[in-house]
Amino acid sequence: MLTEFYDTNLVIISLLVAMFASYTALNMVERINTARGNSAQWWLLGGAVTLGVGIWSMHFIGMLAFRLPIPLGYDMAITLLSLLLVIVVSGFALRQVVQASFSLSRLLISAVLMGLGVAAMHYIGMAAMRMEPAPNYDTTLFSLSILIAIGASGAALWIAFKLRQRVPHVMIARAGAALVMGVAICGMHYTGMAAAQFPIGSVCGAATDGNLDHLTILVVMGASSILVIALLVSILDARLEARTAQLAQSLEKANEELLQQTLHDHLTRLPNRTLLEDRVNQALYKSRREQGSFALMFIDVDGFKTINDSLGHHVGDLLLVEAAARLRKLLRAQDTVARVGGDEFVVLLEGAAPEDAATVAEKIVFACSQPFNINDRELRISASLGIAIYPDNGQTYRELAINADTAMYHTKRSGRNGFHFFEASMHINTQSRLDMMLDLGSALDKKQFVLQYQPKFTANHESIVGAEALLRWQHPKLGLIPPDQFISLAEKSGLIIPIGEWVLDQACQQMRNWYDLGHKDWHVAVNLSSLQFCHEKLVDVVKATLVRWRLPAHCLTLEITESTAMHNVKTTLEILHQLSRLGVKISIDDFGTGYSSLLYLKRLPANELKIDRGFISSLGEDKGFDDGAIVSAIIALGHTLNFQIVAEGVETEAQKSFLQGLGCDQLQGFGLGKPMSPEQLTARFGNMRLAG
């Protein structure tokens, strides 16, 4: 037999190629497993070509490492046939390992088929040498090579199936598996080569005149390039897929958060108006189908605005969160509590009859009346509830919502801290307020507002010092309407700003007329609502009005309530200082009803304090001892801080005498002079001696 030997360098290269091909194939299996549709088919085809080329390259490099003492060569057609065969076998193997399950029987059958295919590739490749005579094969080694091929194929299939998805330390696992698979493939190849025996005198029919170095380089470089490209594409695609998955996950999370924000209140995490309406519509559909009922309950938190304004929005927010938590605990899982406004909540009670709604309402009223501990401060609020029942109080969400809201406002007007079921009679008041709101929008243009003036006197009643302008609405149907019946509507609608500017303009015009008549020591007082006082253009409007009527600033007194002055002290001081610099007098109205701090009170650039009429009514009577003590303290405090003290609501001689005895500076009330037209005031008091 011819003596055979191997090029050690090429043997090592063939082993490295086998390992590299195995690692690349394992990466390709992951891509095939995760791809879908046409993409999966393209990855399967690419994987088959890559794995087939890798196995064949290892085989062919091993053939090139084989040496005999005769010229060698290889038939191109037969060699390409062996390549095509291993590509087909590789495609079959890859298709098996990406199945959902891989039973033992399928593993054995696949291992046998793949092993026989790889062995066939090897021996067809050897036949490409076209040896004459044909080599003899050692039966034992030949059989062993086939068994090694089947065993290596089985191991490769099982490893590929286990590592087809990402597992912890997957790269290390694949590297170890590639080492095992590469050694097994090389073992099969060189065992098959060892089985061949070449008789002396054998001739290679495919031999060429040149050496095979250039072919070796071509195969090594070509195979390496294909494997490197396939591996890079696989890795880049895996990273792209991971990035895409991450982006998709981020997008899904963002969508969930957006949906949460769209359908839930950002502060309390309760359903918002949109989600509430959807659930009410579902309840309507269910109740109509099953002839059932449900309750819609509107809740308004009483006293929240005072806490929010005085302690700050952060405290108000914490209070709302705690109130929302209490409401959730009171309801069943199928019920809904939603926040639809600043301090307004709505409860949907599924399948609830009136008696069920009443029970829940009582629990809510009780829960809200219990103290809240916010930032180590005990706060107390109450709840006003209105309840509408389907189908008795409405057939649609809008009807039920309007009626529940109407019932809730009825509760607030009835004293708050309770609940009422909707009744048709409630709509009478609601409709009248709605009509008044609509009429109010055009009242200014139609010149339906009038001003009356109530005179103010020195305490000894010797002379008039001016008058307070009081707004009235001359309604074409309802007659003369006092301000307490429409000012709140004007504030809610935003009409209070233009109405307030009209009052200021008319009062200054009238004061200019009195000034021209010689009443230069008189002044006119104008009340400012809280919204008007906080309006950004207030100072400019006052300045422009004084200029327009050429009125000295000291002839105008602006009255703000004590609660308005204490609402935001920093802002209040800034606005009052700007007004004071114009020369306008400032009066603190309803003094004694708020919570003035002496520290801030002494800093206010005000000229007078008006004692609230609630302290005046019982003066001079036995039951008025407490009020008398309060009024005495206010007068003493005011004089200490250099304020003029004005008592309003003076109606009796006893009240007047009591106030005169305490040293009150000015008096105002029905007992001294009722509100009247400017013409009446001029006629009655125009000849009275001016106040000194």
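Caption draft 1: Expanded view of the overall build of the chain. Check the secondary structure of the chain and you find 23 helices and 22 strands. Here the chain holds 692 residues, and the buried ones make up 48% of them. Considering only contacts in the chain between residues 6 or more positions apart, those separated by 24 or more positions represent 74%. In the structure as shown, the chain presents an accessible area of about 33800 Å², 58% of it carried by carbon and sulfur atoms.

Caption draft 2: Spotlight on the sheet that holds strand β8 (residues 336-339). Pairing is mixed in the open sheet, where five strands are placed in the order β8-β9-β7-β12-β13. Each edge of the sheet is formed by a strand with only one pairing partner; in this case those strands are β8 and β13 (418-421). Along the sheet, successive strands turn relative to each other by an average axial angle of 20 degrees, direction set aside. By the bridge criterion, nine bridges tie strand β7 (residues 294-302) to strand β12 (residues 382-390) in an arrangement that is antiparallel.

Caption draft 3: The arrangement of the environment of Val 112 in detail. Considering the arrangement of structural elements, one finds Val 112 in helix α4 (residues 104-127). Accessibility expressed as a relative area gives 36% for Val 112, which makes it partly exposed. Between the alpha carbons of Val 112 and Gly 151 there is a distance of 8.2 Å; along the sequence they are 39 residues apart.

Caption draft 4: Seen up close, the pattern of salt bridges. By the definition in use, this model includes 16 salt bridges. Between Lys 610 and Glu 648 there is a salt bridge, with the nearest N and O atoms lying 3.6 Å from each other. Pair noted here: Lys 610 is in strand β20 (residues 608-611) and Glu 648 is in strand β21 (residues 644-648), with a separation of 38 residues, a long-range link. Residue classification places Lys 610 among the buried positions, given a relative accessible area of 0%. Here Glu 648 falls in the buried class, since its relative accessible area comes to 6%.

Caption draft 5: Just a nonpolar patch on the surface, in detail. A cluster of nonpolar side chains, contributed by Trp 42, Leu 45 and Val 49, occupies part of the molecular surface with about 330 Å² of accessible area. Mapped onto the fold, Trp 42 is located in helix α2 (residues 38-65). In this structure Trp 42 comes out as exposed when scored by relative accessible area, which is 64%.

Caption draft 6: Looking closely at the pairing of β8. Residues Thr 336 and Ala 338 point to one face of β8 and Val 337 and Arg 339 to the other, with burial holding for every one of them. Alignment of β8 against strand β9 (residues 344-349), held across four bridges, turns out to be antiparallel. Pairing of Arg 339 across the sheet is with Phe 345, part of β9. Remark: four residues form the turn of the hairpin made by β8 and β9, two consecutive strands paired antiparallel.

Caption draft 7: Local environment of the pairing of strand β14 (residues 449-458). Buried residues dominate β14, accounting for nine of its 10 residues. Where β14 and strand β15 (residues 464-475) come together, nine bridges link them in antiparallel fashion. Following the sheet pairing, Lys 456 is matched in β15 by Gly 466. Where β14 and strand β22 (residues 666-668) come together, two bridges link them in antiparallel fashion. Residue pairing in the sheet places Phe 457 in a bridge with Leu 667 of β22.

Caption draft 8: A look at helix α23 (residues 678-685). Considered for burial, the residues of α23 that qualify are Pro 678, Leu 681 and Phe 685. Taken down its axis, α23 places every buried residue within 60 degrees of arc, on the same side. Exposed side chains of α23 directed beyond 90 degrees from the buried face belong to Glu 679, Ala 683 and Arg 684. On its buried face, α23 sits against β14, β15 and α15 (496-516).

Caption draft 9: Spotlight on the side chain of Arg 339. Position of Arg 339 relative to the elements: it lies in strand β8. Within polar-contact distance, the side chain of Arg 339 engages the backbone oxygen of Gly 342 at 2.9 Å.

Caption draft 10: Up close: the environment of Leu 72. The residue Leu 72 is located in the loop between β2 (66-67) and α3 (76-97) in this model. Owing to a relative accessible area of 9%, Leu 72 belongs among the buried residues under this scheme. Placed 131 residues apart in sequence, Leu 72 and Val 203 show a C-alpha to C-alpha distance of 8.4 Å.

Caption draft 11: Just the nonpolar core, in detail. Counting 75 residues, the largest nonpolar core has Leu 556 and Leu 558 as the members making the most contacts within it. At 10 residues, α15 tops the list of elements feeding residues into this core. Not counting the four nearest positions on each side in its chain, Leu 556 is found in contact with Leu 504, Cys 508, Val 524, Val 526, Val 542, Leu 546, Val 584 and Lys 585. Of all hydrophobic cores here, the second largest spans 44 residues; its members include Val 17, Trp 56, Tyr 123 and Met 129.

Calculation criteria
Residues numbered from 1 in each chain as written. Predicted model: local features only at pLDDT ≥ 70, side-chain atom pairs only at ≥ 80, totals over all residues. Heavy atoms only, no water. Helix = DSSP H or I, 4+ residues; strand = E, 2+ residues; numbered from the N terminus. Buried < 20%, exposed > 50% of the residue type's maximum accessible area, 1.4 Å probe, protein only. Contact = heavy atoms within 4.5 Å. Areas by Shrake-Rupley, 256 points an atom, 1.4 Å probe, with all protein chains shown as cover. Pairing = 2+ DSSP bridges. Axes fitted to C-alpha atoms, helices over the stretch in contact; angles between N-to-C directions. Salt bridge = Lys/Arg side-chain N within 4 Å of Asp/Glu carboxyl O. Patch = residues over 30% accessible without salt bridge, like charges linked within 9 Å, V, L, I, M, F, W, Y side chains within 5 Å. Arc of directions from axis to C-beta. Polar contact = N/O pair within 3.5 Å; in protein donor to acceptor, adjacent residues only side chain to side chain. Core = buried A, V, L, I, M, F, W, Y, C linked by side-chain atoms within 4.5 Å.

Read these as geometric descriptors, not functional statements.
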